[in-house]
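# Overview (structure and organization)
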Amino acid sequence: GRQMALLINRHRSAAIAALVVMIFGMVFLGQSIRAEMRLRDSLDQLRAQAPFFETAIRDLISAGEFKNAHERYDTLLKFLPDDPKYHVGKANMLQSLIRLDEAVEAYRRAEDRGASKATMANSITVCEELEKMKVDGELSAEGYQFLVDHLNAQKRFSEAQRLAASADLDIGLSKEAL
């Protein structure tokens, strides 16, 4: 104790500086903890909004706005990166946008996060088949028909209808789709 008192007396300004630094450090730590808690609360509130995003995405898909729907899935995945259904949704949009290599990777990420292996394998196979149906980098009419049939089989009727219309195909929707 006595040596500590002597040390502090000899180095009074250094001891005061150290005390001030410790006080500022504790204040900063407290502010950082409060800021992190506010950020976590904000993130939880955003995550709670996911169902509203899903509704907006369905509306975009129905309107044939696959690119915007894909961007919304990207936004959802920033807040819910481990939710397989959003990875599947993103993959589906990439498939509908004929961005097949990206779709395959997205389907694999969805499978890694728990999406149905059989469904993901089927979608990956479809993407691989579609890639073979490209002519000069563009999907052939046969490829569009193949994709539309796949979308109908997966009950992705809005996508099928929009793609068929853009490719001027007869989509042959089932009664279930209507």
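What you see is a predicted model; the values in this text were computed from it and never measured.

The next thing to look at is helix α7 (residues 117–132). Here α7 is 16 residues long and its end C-alpha atoms lie 23 Å apart, about the 22 Å a rise of 1.5 Å per residue gives. If you check which residues of α7 are buried, you get M120, S123, I124, V126, C127 and L130. Buried residues along α7 cover an arc of 155 degrees about the axis, so they all sit on one side. Of the residues in α7, the exposed ones pointing more than 90 degrees away from the buried face are K117, A118 and K132. In this structure, the buried side of α7 is in contact with α5 (84–96), α6 (100–112), β1 (134–135), β2 (138–139) and α8 (141–153).

A general trend in soluble globular proteins is that nonpolar side chains are found buried together. Residues L76, Y86, Y107, L130 and L163 are the most contacted members of the largest nonpolar core, which totals 37 residues. Mapped by element, the contributors of at least two residues to this core are α3 (50–62), α4 (66–79), α5, α6, α7, α8 and α9 (157–167). Among the elements that take part in this core, α6 stands out by supplying 6 residues, more than any other. When near neighbours in sequence (up to four residues on either side) are disregarded, L130 contacts L100, L139, G143, F146 and L147.

Counted according to the given criterion, the structure contains 9 salt bridges. With its nearest N and O atoms 3.2 Å apart, the salt bridge here joins E105 to R108. Separated by 3 residues within a single helix, E105 and R108 lie in helix α6, roughly one turn from each other. Close ionic contact of K134 with E131 constitutes a salt bridge, the shortest N to O distance being 3.5 Å. Relative accessible area serves as the criterion here: at 24%, K134 is assigned to the partly exposed category. The exposure class assigned to E131 is partly exposed, which follows from its relative accessible area of 32%.

Here is what the cut-offs are and how they apply
- Residues numbered from 1 in each chain as written.
- Predicted model: local features only at pLDDT ≥ 70, side-chain atom pairs only at ≥ 80, totals over all residues.
- Heavy atoms only, no water.
- Helix = DSSP H or I, 4+ residues; strand = E, 2+ residues; numbered from the N terminus.
- Expected span 1.5 Å × (residues − 1).
- Buried < 20%, exposed > 50% of the residue type's maximum accessible area, 1.4 Å probe, protein only.
- Arc of directions from axis to C-beta.
- Contact = heavy atoms within 4.5 Å.
- Core = buried A, V, L, I, M, F, W, Y, C linked by side-chain atoms within 4.5 Å.
- Salt bridge = Lys/Arg side-chain N within 4 Å of Asp/Glu carboxyl O.

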